[in-house]
Amino acid sequence: MKRTSTIWRSVTIASVLAVILASSGCSHLSSVAAWEKGYLANAEMRFDQDKLGMKNADHIYTSKEAASGSGSVGGGGCGCN
């Protein structure tokens with residue numbers, strides 16, 4: 001019985017250490033400085049550069065989902081936007 005509790009204690013400690021190490025990897029993320037935000041506003045940084053391609057992709061998506069206007073508003077239909 002003592003051996004089982006020792007194994008579970010080791011597993012618990014290893015799990016806690018893994019969670020701490022995984023969460024500490026995200027702690028040093030930095031934000032975008034004010035003078036760098038101008039680069040993000042450039043036309044080549046936009047996702048919708050190709051208007052015809054985006055319209056076609058939206059048509060395909062709405063056809064597969066069997067719903068219209070699905071690309072504009074979030075939500076799963078359950079009312080919890």
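1. Thoughts on the overall build of the protein
Then comes step 1: In terms of regular secondary structure, the protein is built from 3 helices and 0 strands.
Then comes step 2: Its helices and strands taken in sequence order, the protein reads α-α-α from the N to the C terminus.
Then comes step 3: Split into buried and exposed, the 81 residues of the protein put 2% on the buried side.
Then comes step 4: About 7500 Å² of surface is accessible on the protein, with carbon and sulfur atoms providing 62% of the total.

2. Description of the confidence of the model for the protein
Then comes step 1: When pLDDT is averaged along the protein, the result is 75, and 70% of the positions lie at 70 or above.
Then comes step 2: Here helix α2 (residues 37-40) is the element of the protein with the lowest mean pLDDT, 79, and helix α1 (residues 2-24) is the one with the highest, 83.

Reading the values: the criteria
- Residues numbered from 1 in each chain as written.
- Predicted model: local features only at pLDDT ≥ 70, side-chain atom pairs only at ≥ 80, totals over all residues.
- Heavy atoms only, no water.
- Helix = DSSP H or I, 4+ residues; strand = E, 2+ residues; numbered from the N terminus.
- Buried < 20%, exposed > 50% of the residue type's maximum accessible area, 1.4 Å probe, protein only.
- Areas by Shrake-Rupley, 256 points an atom, 1.4 Å probe, with all protein chains shown as cover.
- pLDDT = per-residue confidence, 0-100.

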